[in-house]
Amino acid sequence: MLHSTIDASGIPDEDTRRQKILACGNGITDPGCRITAGSDGSYTIEVLGAPPPDHPYRVLYVQWAPNRPGSKETWASWQLPTG
């Protein structure tokens, strides 16, 4: 996600009118990023194209679930510098 503003504590403004989602993953037809699996179990996530100049704050939000019925999903997020 790209955010246009952050508050005094550095938390990105999550108002949907001021954020841009760069989705990537299986089944997404208009991706904003690319995920590549490494041979060691790691993943690389690349943003496709330059972020808009009015959205200087980037948050990586990852969500996954084991491939079994009834399993709970896990998620994590990181705020990343863009400069």
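Keep in mind that this is a model prediction, so the values were computed, not measured. (Residues numbered from 1 in each chain as written. Predicted model: local features only at pLDDT ≥ 70, side-chain atom pairs only at ≥ 80, totals over all residues. Heavy atoms only, no water.)

Draft legend 1. Highlighting the overall build of the protein chain. When helices and strands are counted, the protein chain shows zero helices and six strands. For the protein chain, the N- to C-terminal ordering of α and β elements is β-β-β-β-β-β. Each of the three principal axes of the protein chain carries a C-alpha extent, and together these read 40 × 25 × 25 Å. Here the protein chain holds 83 residues, and 17% of them are scored as buried. Contacts spanning at least 24 positions in sequence make up 28% of the contacts within the protein chain whose residues lie at least 6 apart. Working note: accessible area of the protein chain is about 6400 Å², and carbon and sulfur atoms make up 52% of it. Of the side-chain charges in the protein chain, 7 are positive and 9 negative, and the distance between the mean point of each set is 4 Å. (Helix = DSSP H or I, 4+ residues; strand = E, 2+ residues; numbered from the N terminus. Buried < 20%, exposed > 50% of the residue type's maximum accessible area, 1.4 Å probe, protein only. Contact = heavy atoms within 4.5 Å. Areas by Shrake-Rupley, 256 points an atom, 1.4 Å probe, with all protein chains shown as cover. Lys, Arg positive; Asp, Glu negative; His and termini not counted. Charge placed at Lys NZ, Arg CZ, Asp CG, Glu CD.)

Draft legend 2. Focus on the state of the cysteines. Evaluated as defined, the whole model comprises one disulfide. A disulfide bridge connects C24 with C33, and the sulfur atoms are separated by 2.1 Å. In this structure the cystine formed by C24 and C33 twists about its S-S bond by roughly -90 degrees; its chirality is therefore left-handed. The exposure class of C24 is partly exposed, given its relative accessible area of 22%. (Disulfide = S-S within 2.5 Å.)

Draft legend 3. Focus on the confidence of the model for the protein chain. In this model, the protein chain carries a mean pLDDT of 79, and residues with pLDDT of at least 70 account for 96%. Put simply, strand β1 (residues 2-3) is where the protein chain has its lowest mean pLDDT, 74, and strand β3 (residues 33-37) is where it has its highest, 87. (pLDDT = per-residue confidence, 0-100.)

Draft legend 4. Structural context of the sheet that holds β1. Taken together, four strands build an open sheet; the order of strands is β2-β1-β5-β6 and the sheet is antiparallel. Every interior strand has two partners, whereas the edge strands, β2 (19-20) and β6 (74-80), have only one. Inspection of the sheet shows strand β5 (residues 57-64) paired to β6 by seven bridges, in the antiparallel sense. The partner of Y61 across the bridge, within β6, is S77. (Pairing = 2+ DSSP bridges.)

Draft legend 5. The arrangement of the pattern of salt bridges in detail. Taken as a whole, this structure holds one salt bridge when the rule is applied. The closest approach of N and O atoms between E46 and R34, which form a salt bridge, is 3.2 Å. Here the residue E46 occupies a position in strand β4 (residues 43-47), and R34 occupies one in strand β3, the gap between them amounting to twelve residues. Note on R34: relative accessible area 41%, which makes it partly exposed. (Salt bridge = Lys/Arg side-chain N within 4 Å of Asp/Glu carboxyl O.)

Draft legend 6. View of a nonpolar patch on the surface. A cluster of nonpolar side chains, contributed by I35, Y43 and I45, occupies part of the molecular surface with about 310 Å² of accessible area. Tracing the chain through its elements places Y43 in strand β4. (Patch = residues over 30% accessible without salt bridge, like charges linked within 9 Å, V, L, I, M, F, W, Y side chains within 5 Å.)

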